[in-house]
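Residue strings, one per chain:
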Amino acid sequence: MTAAAERTDDRTTSDDVLAVAREQVLHQGVGLSEEQVLAVLRLGDDRLDDLLALAHEVRMKWCGPEVEVEGIVSVKTGGCPEDCHFCSQSGRFPTPVRSAWLDIPGLVEAARQTAETGATEFCIVAAVRGPDARLLSQVREGIKAIRESGNDIQIACSLGMLTQDQVDELVAMGVHRYNHNLETARSHFPQVVTTHSWEERWDTLRMVREAGMEVCSGGIVGMGETDEQRAEFAVQLAELDPHEVPMNFLIPQPGTPYESYEPIEGKDALRVVAAFRLALPRTMLRFAGGRELTLGDLGAEKGMLGGVNAIIVGNYLTNLGRPAQQDLDMLADLKMPIKALSDSL
């Protein structure tokens with residue numbers, strides 16, 4: 001049976017799940033179960049607008065109208081020893097990306113440019129299994145230089161898997177939020193990465209939460225996972241209860257095992273975004289990599305009206321995004337205010 005036929009056959013069930021979601025998620029603030037998320041993912045295209053409208057209502061009620069804007073920069077690019085099959089920065093695949101480090105002045109300038117867009121969050125990213133002493137020193141000096149420049153933007157990091165001592169070091173540096181994506185459902189993870197486990201990523205996130213940093217964890221849609229695994233992933237993220245979930249869509253990278261994968265269709269991407277919002281009613285849901293390829297300009301607006309309440313502006317590490325001003329203009333047109341920098345900083 002084709003996916004379209006399956007969705008048609010499930011129309012009655014899907015209609016029911018929207019009514020259930022309105023009561024359970026919108027009115028009570030309780031996220032959908034795995035079975036319910038799966039029913040949402042199997043909605044027919046004729047129900048997509050209703051789904052997006054409900055997801056937007058949920059976002060507005062439980063998160064409010066503000067949108068958090070974030071910029072990201074890679075302090076260490078390429079040469080990663082892990083074999084994440086989607087990633088052009090893996091040293092195991094013949095991709096065009098070569099290993100490089102960003103110096104401290106470059107990091108300060110990237111933070112300045114990010115702050116000038118109105119962003120309140122700046123994420124320092126490194127392509128590594130986990131940080132060594134050199135990388136932590138670079139991050140420490142970079143954060144110090146950003147602060148000494150007068151920039152009070154919130155600092156996040158994404159440096160791979162951590163030990164407890166490394167978590168404590170990042171807290172001492174003043175890192176506000178830590179990103180470490182689970183990437184996909186636990187059942188699908190061994191098909192995506194073989195050099196470390198889903199559980200190792202989960203353990204890092206647990207330590208981050210217990211240390212008091214905000215937890216940021218999401219994944220990539222379109223890596224060959226089934227609807228069932230997308231539903232599984234949504235409820236696993238709900239169990240983690242992250243502050244933020246980045247929603248990425250696969251960009252097939254030359255030289256990687258996924259280079260021949262077709263990007264998922266825009267309607268499917270929007271269905272996933274809305275389903276994740278109904279599973280995670282109070283969580284910041286962020287548009288991240290691949291949205292331009294998968295959704296295009298119109299799709300980005302529909303996503304912002306379908307449950308998304310955060311966005312990365314500018315480029316995505318090794319992939320180009322659209323100009324930051326284009327996203328800021330979109331938010332202005334949608335009358336969505338940009339979240340202000342925390343007064344506590």
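Analysis parameters
- Once a new chain begins, its residue numbering starts again from 1 and follows that chain's sequence as written.
- In view of the model being predicted, local features appear only for residues whose pLDDT reaches at least 70, and side-chain atom pairs are presented and counted only at 80 or more, with totals across whole chains, interfaces and linings using the full set of residues.
- To get the side-chain values, take all heavy atoms of the structure and skip hydrogens and water.
- Numbering goes from the N terminus for both helices and strands, where a helix is a DSSP run of H or I of at least four residues and a strand is a run of E of at least two.
- Computation of the radius of gyration draws on C-alpha atoms, with the globule rule given as 2.2 Å multiplied by the number of residues to the power 0.38.
- Here the term buried applies to any residue with accessible area under 20% of the maximum for its type, exposed to any over 50%, and partly exposed to those in between, with areas from a 1.4 Å probe on protein chains only.
- Throughout, a contact is declared for two residues whenever any of their heavy atoms are within 4.5 Å.
- Per-residue accessibility takes into account occlusion by the displayed protein chains alone, with areas from the Shrake-Rupley method and a 1.4 Å probe.
- Positive charges come from Lys and Arg, negative ones from Asp and Glu, while His and the chain ends are left out of the count.
- Note that the charge is assigned to NZ on lysines, CZ on arginines, CG on aspartates and CD on glutamates.
- Convention adopted: a line fitted to C-alpha atoms gives each axis, helices being fitted over their contacting stretch, and angles between N-to-C directions are expressed from 0 to 180 degrees.
- What sets the label is the angle itself: under 35 degrees gives roughly parallel, over 145 gives roughly antiparallel, 65 to 115 gives roughly perpendicular, and the rest give oblique.
- Should the near helix be turned counterclockwise from the far one by less than a right angle, the crossing is left-handed, whereas a clockwise turn marks it as right-handed.
- Only Asp, Glu, Lys and Arg are considered charged, only Ala, Val, Leu, Ile, Met, Phe, Trp, Tyr, Cys and Pro nonpolar, and every remaining residue, Gly among them, polar.
- Both cavities and pockets are sets of points on a 1 Å grid over the protein atoms alone; in a cavity a 1.4 Å probe fits but cannot get out, in a pocket the set is open with protein on both sides within 12 Å along at least five of seven lines, and lining residues sit with an atom within 4 Å of a point.
- Grid points are joined across faces, edges and corners, and a volume is the space filled by probe spheres set on the points.
- Basic side-chain nitrogens of Lys or Arg form a salt bridge, by our definition, when they fall within 4 Å of a carboxyl oxygen of Asp or Glu.
- We treat two strands as partners when DSSP finds at least two bridges between them.
- Each nonpolar core is a collection of buried residues, namely Ala, Val, Leu, Ile, Met, Phe, Trp, Tyr and Cys, held together in the definition by side-chain atoms within 4.5 Å.
- Any pair of N or O atoms that falls within 3.5 Å is considered a polar contact. Within protein, one atom must be able to donate a hydrogen and the other to accept it, and sequence-neighbouring residues count only if both atoms are side-chain atoms.
- Classification remark: right-handed applies to a crossover when, strands pointing away from the viewer, the course from the first strand over the helix to the second runs clockwise.
- Each residue after the first adds 1.5 Å to the expected span of a helix.
- Ring pairs shown here join Phe, Tyr and Trp side chains whose ring centres sit within 6.5 Å, with only the six-membered ring taken for Trp; geometry is labelled stacked below 30 degrees between planes, edge-to-face above 60, and tilted in between.
- In our convention, an over-ring charge means Lys NZ or Arg CZ found within 6 Å of a ring centre and within 35 degrees of that ring's normal.

Draft legend 1. Geometry of the overall build of the chain. Along the backbone of the chain there are 13 helices and 10 strands. Taken over C-alpha atoms, the radius of gyration comes to 19 Å for the chain, in line with the 20 Å a tight globule of 345 residues would show. Residues counted as buried form 57% of the 345 residues belonging to the chain. Restricting the contact set of the chain to residue pairs at least 6 apart, pairs at least 24 apart contribute 77%. Of the roughly 14,100 Å² of accessible surface on the chain, 50% is carried by carbon and sulfur atoms. Here the chain contributes 32 positively and 53 negatively charged side chains, and the mean placements of these two sets differ by 2 Å.

Draft legend 2. Molecular detail of the packing of helix H3 (residues 34-41) against helix H11 (residues 266-279). The N-to-C vectors of H3 and H11 enclose an angle of 155 degrees; their axes lie 9 Å apart at closest approach. It follows from the interaxial angle that H3 and H11 lie roughly antiparallel. Like other packed secondary-structure pairs, H3 and H11 cross with a definite hand, here right-handed. In contact with Val37, Val40 and Leu41 of H3, H11 contributes Arg271, Val272, Ala275, Leu278 and Ala279. Its residues assigned to classes, the contact of H3 with H11 comprises seven nonpolar, no polar and one charged.

Draft legend 3. A look at empty space enclosed by the protein. Per the stated rule, a full pass over the model turns up three cavities of 30 Å³ or more. Secondary-structure elements contributing two or more residues to the lining of the second largest cavity are strand E7 (219-221) and helix H10 (227-240). Tallying contributions element by element places H10 first for the lining of the second largest cavity, with three residues. Along the lines of polarity and charge, the residues of the lining of the second largest cavity split into five nonpolar, two polar and three charged.

Draft legend 4. Up close: the pattern of salt bridges. Applying the stated criterion across every chain yields a total of 27 salt bridges. Of the charged contacts, one joins arginine 286 and glutamate 68 as a salt bridge, the two residues approaching to 2.1 Å between their closest N and O atoms. Of the two residues, arginine 286 sits in strand E9 (residues 284-287) while glutamate 68 sits in strand E1 (residues 68-77), which places them 218 residues apart along the sequence. The two residues arginine 286 and glutamate 68 agree in class, both being buried.

Draft legend 5. Summary view of the pairing of strand E4 (residues 154-158). With five of its five residues buried, E4 lies for the most part within the structure. Burial along E4 is two-sided: Gln154, Ala156 and Ser158 and Ile155 and Cys157, pointing in opposite directions, are all buried. For strand E3 (residues 121-126) and E4, the ladder comprises five bridges, and the chain directions are parallel. Bridged to cysteine 123 within E4 is alanine 156.

Draft legend 6. Focus on the nonpolar core. Among the nonpolar cores identified, the biggest contains 98 residues, and Phe122, Ile124, Leu159, Leu170, Phe276, Leu278 and Met304 are the most heavily contacted of them. Among the elements that line this core, the one with the most residues is H11, at nine residues. Dropping the residues within four chain positions of it, phenylalanine 122 is found in contact with Gly71, Val73, Leu107, Ala110, Ala111, Thr114, Ile146, Ile153, Gln154, Ile155 and Ala156. Membership of the second largest hydrophobic core comes to six residues, among which are Ile72, Cys123, Ala156 and Ala288.

Draft legend 7. Examining the side chain of arginine 271 more closely. Note that arginine 271 resides in helix H11. For arginine 271, a relative accessible area of 2% corresponds to the buried category. Polar side-chain contacts of arginine 271 include one of 3.0 Å to the backbone oxygen of leucine 43.

Draft legend 8. Just the pairing of E9, in detail. Going residue by residue along E9, you find Met284 and Arg286 tucked away on one face and Leu285 and Phe287 tucked away on the opposite face as well. Sheet topology places strand E8 (residues 244-249) next to E9; four bridges connect them, and they run parallel. Residue pairing across strands places methionine 247 opposite phenylalanine 287, the latter belonging to E9. Of the crossover connections in this fold, the one passing from E8 over H11 to the parallel E9 is right-handed. In the sheet, E9 pairs with strand E10 (residues 310-312) via two bridges, with the strands oriented parallel. Paired with arginine 286 across the two strands is alanine 310, which belongs to E10.

Draft legend 9. Helix H9 (residues 198-210), seen in detail. In this model, H9 (13 residues) spans 19 Å end to end at C-alpha, consistent with the 18 Å of a helix rising 1.5 Å per residue. Packing partners of the buried residues in H9 comprise helix H7 (164-173), strand E5 (177-179), helix H8 (189-192), strand E6 (214-216) and H10. Once H9 ends, the next one or two residues include glycine 212, with phi positive near 100 degrees.

Draft legend 10. Just H11, in detail. For H11, with 14 residues, the first-to-last C-alpha span of 20 Å sits near the 20 Å given by 1.5 Å per residue. Summarising burial for H11: 12 of the 14 residues are buried, a large majority. Looking only at H11, the buried set comprises Asp268, Ala269, Leu270, Arg271, Val272, Val273, Ala274, Ala275, Phe276, Arg277, Leu278 and Ala279.

Draft legend 11. Here's a closer look at the packing of aromatic side chains. For the structure shown, the criterion picks out three aromatic pairs. Pairing tryptophan 198 with tryptophan 202 gives two aromatic rings, centres 5.3 Å apart and planes at 25 degrees, and the pair type is stacked. One end of the pair, tryptophan 198, and the other, tryptophan 202, are both in helix H9, four residues apart, so they sit about a helical turn from each other. Relative accessible area serves as the criterion here: at 6%, tryptophan 198 is assigned to the buried category. Above the plane of the ring of tryptophan 101 lies arginine 134, whose end atom (NZ or CZ) is 3.8 Å from the centre.

Bear in mind that shape data such as this cannot, by itself, settle questions of function.
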